[in-house]
Amino acid sequence: MGRKDDIFDFVKEVRRSVSANDISEQLRLDRSNVSRYLNELYKEGLIEKTSGKPTLYFYPESDEEREPSPRHEHKPSHTFDGLIGADGSLKIAIQQAKAAILYPPRGLHTLILGKTGTGKSFFAECMYKYAIESGNIKQEAPFIQFNCADYAQNPQLLFGHIFGVKKGAFTGATEDRIGLIEKADMGILFLDEIHRLPPEGQEMLFTFIDKGEFRSLGDSERTKTASVQIIGATTESTESYLLETFTRRIPMTIHLPSLEERKFEERYQLIEHFLIQESNRLNETIYVERRALAAFLLYRTSANIGQLQRDLKLACAKSFLQFKSDQVSILIIQQQDLPIHVQKGLLDVKEYRDKMDRIIDADQEIFTFYDRKKTDEKDEGDFYQNIEDKLKKLHLEGKNIKDIQTEILMDGDQYFNEYIDQLPQIGFDEMVDVQIWSITDKIYNYAEQELNRSFRKKMKFAFALHLQGTIERIKQNKVVVHPNLKEIHKKYPKEFKVSIEVAQIIENELDVEIPLDEIGFITMFLVSDIEEGMYNQDDKVRIIVMMHGTSTASSMLQTVQDLLGVQIGNAFDMPLSMEVRDMYETVKKAIVEMNPAKGVLFLVDMGSVASFGNMIFEETGIKTKTISMASTPIVMEAVRKTSLGRSLEDIYQSCLQLFESQFKSVVFRPKPTKKAIITACFTGEGVAKKIKERLETLIKGKDIELISLQFLHRESFTEKIEQLSEQYDILAIAGTVQFEFNDIPFFSPIDIFNDDHLKKLGSMIGEDEPYNKMIQTLENHLTMIPSVSRLIQRLRKIVINLELKLNVTLDDEVIMGIILHLGFLIENMKLQQPTRKFPNMKEYHKKHKEKISHVKNIFRDIEIEYDITFTDDEMMYICQMCLENNNS
C-alpha cells in the first residue's frame, strides 16, 4: 500500500477534520507531499475540504449517515453564479454550458471559442463542476485537461497521448500505455488548442464521437469503448483549422467574449477581484490612485483577462517594493508605476467619462482593496526571512533607499550563487519529490523554448529544491519577500515575463497561489546561467585604476576582483621611469578600443595622472570622471556599483561620499552659479506648453534659464539631470511626468496652475537678500558646516518640498524660522549634542504616519551629505512645525 493510501485511510479513520500539517506530524511524512496527495484525493472525490485558511480535510459520511445535501437532491448549482458577468456578457454562454452538460444521456460535446486570455480553460472547469453538482456525472468522475499544442510537432506522440499506445507502435514505445480518453471514461476530456490537432487526429476523434469506440495507436485488433464528454477550446476560426466533418459532430459552440466586448462594470469587477486576490497574497491593503484605476479600466489589452491580471500583478509588485523599502507608508498604485501601454488608457478618459463616473465616485481620489487576516509566522534561517530581516537591519542602520536595495540585491545574488554551488552531490531523486521534478521539467522546457537558451541539469535541480521549499512555505501561510522586484524586472524583462507564466504553471499544477515576490526568485533561476554577463564589462561604466609603481594598481584591482568574484575593471601601472606622455597615449588608446558607451571612471593616486580623464574627454568626447587618492575600499565600491549597472554619476557620487567619510570631512564641489528650472514632458505639446508659458512669466527679468527636456526613459532622463546639475543650480523640476531627484522640488501641472503653489516657487527664486543676511549671520555660529551658503540653499529647497508633500502653505517668517532651526540642529548633531524627545510619540506617529514618511524621504539626501541621521523625534518635530503653522 502506498503513501497516498495511508493518507486516505488516516483521514477516513480519524473521523474529524485534519490539516496537512496534522497528517505530516502523525505519519511522519513530508508536508508538501501530504498536501499534494490530499489535493489528489479531493479531486478524485474521495475526501472533502473546507474553504479558508488553514484548509482542513475530512472523510464524507455515507449516504445513510448524513443529511440529504443540495448536491444529492440535485438542487440548482451555484458554480456559474459567482462568475463575473454571469448576468451580463456571460449569460448566454452559461446557459449554453448548462444545456450542454444536462442534455441526456451524457451531455453534448462542446467547442469553446475565444481569444487568448478570455478564460476558456477556467470555463471548462466550471462546466465540469456543474456536471458534478447537477448529478449528471459522479462525484469521482475525472476531469482530464490536455493542451494539444504541447505535442503539435510530433503527431505520433499527440495521438498516443489521446488514444493510448500499444507496445511497439513506434520507436520508444516499450510498453502499453492508456490514453486520455480511457482515463476520462465517465467524465470529461478537455482538449485545449484543439485546432493544433492534425486532420488525421480529428478523424480518429470524430470516429470515437460517432461510435464511442477507439483503438490505441499501433493496435489494429482490439477496440476499446469509453463514455466521455469532450470539450474543446480554440482561439482560431473553426472553418480555417478544423475539418467540417469534425465540427459537424460537435453540436454546441460557446463563444466567450473578449475583454473589450465585456461590459464596463464587469471590467471593474475583474480589477477588483484581482486586486483583492493580490491583497490576500501580500497580507496588505492595496490602495489605488484614481488615475491608475482609470488607466486599468480603459487601456487596450492584447491578451484580454490574462493580460489584465498580469499587468495588475506587475503594478502591485512595484508598489510592494516601494512599500517594503519605506519609500511610501502605504501600498499604493500610482500612475507612474504603470507600464506605458497601461497609462495610454488615460487617453480615452474623455470618451468614457460618463461610464466611469457611474462606476467609481467622481470625487474619490484613492480606492481601497482590503486584505485578509495577516500572519506573523516566521521561519528562522529561511532565505526569504533572511532578506526581510536584512531589510529591517539596514533601515535601523539608517541606510538610504538606493544603498539598501543595492546591498540586498548583492546579498541575493551572492546567496543565490552559493546556493547553486553548495548543492549536495547525491542522487536527485533522493531529495526532490517526483511531482516537483515533473513540474520542473515542464517549466524548463517552456523556458528553453521562450528564451532560446539551454539550462544545466544542476540548475534544474537547484530550482526543484527551491520550488519544493517554496511550496512548503506557501502552504504554511508564511510570507515570501523579494525587496528588489523592480530591479529584477528592469534588468531581466524577458526572463521576468517568462517567470510570470511559470508561476501560472505552478499554480495550475499544485493548486497553490504563487506570491508576487516569488516571481523575482524564479527569474533568478532563469538568468543564473548567464549571470557572468552581469559581471562582464559590456554596456557598463568602465573602471580604470591607474597608479604609480610597478604593480600598485594591478594588485589593488586584483584584490577587489577576488573579493567580489567579478572581472570588472582595468589596471594601469606606471613605473616611475615611464614618461607621462607615453602613459597617457597608452591609456587613451586602450579606452578608445573599449568604446565605453556609459563613460569611464578613473581611480588614480596622485600627480599628473589625475588630469588624464579630462584630457581624454576633450580629445575623444568620451564621458569621464576622476577620483584622486583612491584606496582599496573606493575601488571596491566602484566595481561593486558597476557590476549592478549603475550610471557613471551614481558611481562617482558614491565613491566621493566614501572618500569624504574616510577623511571625516565633507568636500563640496563648487556650487554652480547659473540657475535653472527644468520642465519635463513626453512631447512638449499641450499641457507642457502651458506650463512653460506660466514659468516664463514667473522668471521674467530674472537670471534663470528654463530648460525643457523630453521624458522618454527614466534612467536616461536621470543622467541628463545629473549632467545639468554640474552646470546649473537646479531650483525646481516641473512637468507632466512625476520625477524626484535629490532634494530638488517637483511641481506637477496642478501645482503650476495653482496660484498658492506657484507662489512657493516664486518665493524660492525671488528676493535673496534676507537669506544672504542669514548666511552672513550664521557664518560665525555654524562652525561644523564647511559652507553655510550651500547649506541654506539646500534647506530652502527642502522646506519647499515639505510644503508640497505635506500640502501646507507657510509664511515667509515661518520658513526662515524652520531653516534656522534646521541649521542649528545639523550643527548640534555634528557636535554630537543630545536631541529632544517628542511627547506622545506613538500616538503622533500613528496619526501622521504617511506625512512623517514624506519628511524622512525629503531629508535622506542631506543626511548622506552631512553624515548625520535625524532621529524619529526630530522628524516629528519638523512635521509638527509645518502642520501647525499651515495658513492655507
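Owing to the predicted nature of the structure, the values given are computational and were not obtained by experimental measurement. (Residues numbered from 1 in each chain as written. Predicted model: local features only at pLDDT ≥ 70, side-chain atom pairs only at ≥ 80, totals over all residues. Heavy atoms only, no water.)

## Re the overall build of the protein chain
To keep it simple, the criterion reads: Runs of H or I in DSSP of at least four residues are treated as helices and runs of E of at least two as strands, each being numbered from the N terminus. Exposure categories follow from relative accessible area, calculated using a 1.4 Å probe and restricted to protein chains: below 20% of the type maximum is buried, above 50% is exposed, and the middle band is partly exposed. Contacts are assigned to residue pairs that have any heavy atoms within 4.5 Å of one another.
What the protein chain contains, in helices and strands, is 38 helices and 20 strands. The buried share of the protein chain, taken over its 888 residues, is 51%. Considering only contacts within the protein chain whose residues lie at least 6 apart along the sequence, 74% involve residues at least 24 apart.

## As for the side chain of Glu803
Test applied: Under the rule applied, a polar contact is a pair of N or O atoms within 3.5 Å (in protein, one hydrogen donor and one hydrogen acceptor; residues adjacent in sequence only if both atoms are side-chain atoms).
In this fold, Glu803 is placed in helix α34 (residues 788–806). Owing to a relative accessible area of 1%, Glu803 belongs among the buried residues under this scheme. Of note is the side chain of Glu803, whose polar atom sits 2.9 Å from the backbone nitrogen of Leu810. Each residue touching Glu803, except ones within four places of it in the same chain, is listed here: Lys760, Val808, Thr809, Leu810 and Ile815.

## With respect to the nonpolar core
Put simply, the rule reads: Among buried residues, those of type Ala, Val, Leu, Ile, Met, Phe, Trp, Tyr and Cys that are joined through side-chain atoms within 4.5 Å constitute a nonpolar core.
By size, the foremost hydrophobic cluster in this structure holds 72 residues, and its most contacted members are Leu275, Ile286, Phe296, Leu308, Ile333 and Ile506. Ranked by residue count, the leading element in this core is helix α13 (residues 304–324), at 9 residues. With residues near it in sequence (within four places) discarded, Ile286 still touches Leu275, Glu278, Ser279, Cys316, Leu331, Ile333, Phe367, Thr368 and Phe369.

## Examining the environment of Tyr42
Take Tyr42: it is sitting in helix α3 (residues 31–43). For Tyr42, a relative accessible area of 31% gives the class partly exposed. In the structure, Tyr42 is positioned 17 residues away from Tyr59 in sequence and 9.7 Å away in space, judged by C-alpha atoms.

## Notes on the packing of aromatic side chains
We apply this condition: Working definition: rings of Phe, Tyr and Trp (its six-membered ring) pair if their centres are within 6.5 Å, and the pair is stacked with planes under 30 degrees apart, edge-to-face with planes over 60 apart, and tilted otherwise. By the criterion adopted, a ring carries a charge over it if an Arg CZ or a Lys NZ lies within 6 Å of its centre and within 35 degrees of its normal.
Tallied over the full model, the rule gives 15 aromatic pairs. When the centroid spacing of 5.9 Å and the interplanar angle of 75° are considered together, the rings of Phe8 and Tyr59 count as edge-to-face. Placement of the pair is Phe8 in helix α1 (residues 3–14) and Tyr59 in the loop between β2 (57–58) and α4 (91–102), with a sequence separation of 51 residues. Given a relative accessible area of 16%, Phe8 falls into the buried group. Relative to Phe525, the ring of Phe463 has its centre 5.5 Å away and its plane inclined at 75°; by these criteria the two rings are edge-to-face. Of this pair, Phe463 sits in helix α19 (residues 457–475) while Phe525 sits in helix α22 (residues 516–527), and the two are 62 residues apart along the sequence. Among the aromatic residues, those joined into a ring-pair cluster are Phe80, Phe123 and Tyr130. For Arg249, the ring lying beneath its charged end belongs to Phe206, and the centroid distance is 4.1 Å. Its end group placed over the ring of Tyr652, Lys625 keeps NZ or CZ at 4.8 Å from the ring centre.

## A look at the side chain of Ser134
In this structure, Ser134 sits in the loop between α5 (120–133) and β4 (143–147). From its side chain, Ser134 meets the backbone oxygen of Ala131 in a polar contact 3.2 Å long.

## Digging into unusual backbone geometry
Pro104 connects to Pro105 through a cis peptide bond whose omega is 0°. Here Pro105 is to be found in the loop between α4 and β3 (110–113). Notably, Glu193 is not glycine yet its phi reads approximately 50°, a positive angle. Turning to its location among the elements, Glu193 is positioned in the loop between β5 (188–192) and α8 (199–211). The phi torsion at Asn283 lies on the positive side, around 55°, for a residue other than glycine. The residue Asn283 is located in the loop between α11 (264–282) and β10 (286–289) in this model.

## Overview of the sheet that holds strand β16 (residues 624–627)
Within a sheet, neighbouring strands are paired by backbone hydrogen bonds and run either parallel or antiparallel to one another. Our working rule: When DSSP finds two or more bridges between a pair of strands, those strands are recorded as paired. Note on definitions: angles span 0 to 180 degrees between N-to-C directions of axes, and those axes are lines fitted to C-alpha atoms, for helices only across the stretch in contact.
The 4 strands are arranged β14-β13-β15-β16 in an open sheet whose pairing can be described as parallel. The outermost strands of the open sheet, each flanked by one partner alone, are β14 (570–574) and β16. Adjacent strand axes in the sheet meet at a mean angle of 20°, parallel and antiparallel pairs treated alike. Across 5 bridges, the pairing between strand β13 (residues 542–548) and β14 is parallel. Counted as the bridge partner of Ile544 is Asn570 from β14. Contacts from helix α24 (residues 552–564) reach β13 and β14 within the one sheet, and its direction differs from that of β14 by about 155°. Here helix α26 (residues 612–620) sits on the sheet and contacts β13, β15 (600–604) and β16; the angle it forms with β16, its principal contact strand, is near 170°.

## Here's the deal with the pattern of salt bridges
Pairs can form between side chains of opposite charge once their charged atoms are near each other. Just so we agree on the cut-off: In the sections that follow, a salt bridge refers to a side-chain nitrogen of Lys or Arg positioned within 4 Å of a carboxyl oxygen of Asp or Glu.
A full pass over the atoms with the stated rule returns 17 salt bridges. Note that Glu874 and Arg836 form a salt bridge whose closest N and O atoms lie 3.6 Å from each other. Here Glu874, found in helix α38 (residues 872–884), pairs with Arg836, found in the loop between α35 (812–830) and α36 (841–847); they are 38 residues apart in sequence, far enough to count as distant. Given the relative accessible area of 38%, Arg836 is considered partly exposed. Salt bridges linked by common partners bring Glu278, Arg281, Lys313, Glu507 and Glu513 together as one network.

## A few points about the pairing of β10
Residues Ile286 and Val288 of β10 are buried on one face, while the alternating residues Tyr287 and Glu289, pointing to the opposite face, are not. Across 4 bridges, β10 lies against strand β12 (residues 366–369) in antiparallel orientation. Residue Tyr287 lies in a different strand from β12, and its bridge partner there is Thr368. Sheet analysis places β10 next to strand β11 (residues 332–333), joined by 2 bridges and oriented parallel. What sits directly across from Val288, in β11, is Ile333.

## Digging into the sheet that holds strand β17 (residues 674–681)
Strand order in the open sheet made by the 4 strands is β18-β17-β19-β20, with parallel pairing throughout. Every other strand in the sheet has two partners, leaving β18 (704–710) and β20 (746–747) as the edge strands with one partner each.

## Some remarks on the confidence of the model for the protein chain
For any part of a model where pLDDT is low, the fine detail of the predicted coordinates should not be relied upon. Selection rule: pLDDT measures how confident the predictor is about each residue, on a scale from 0 to 100.
For the protein chain, the mean per-residue pLDDT works out to 79, and 82% of the residues sit at or above 70. In this model residues 372–384 is a low-confidence stretch, pLDDT under 50, and it forms 28 contacts with partners more than four residues away in sequence or in other chains. Under a pLDDT of 50 for its full length, residues 529–537 has, in the predicted model, 28 contacts with residues more than four places off or in other chains.

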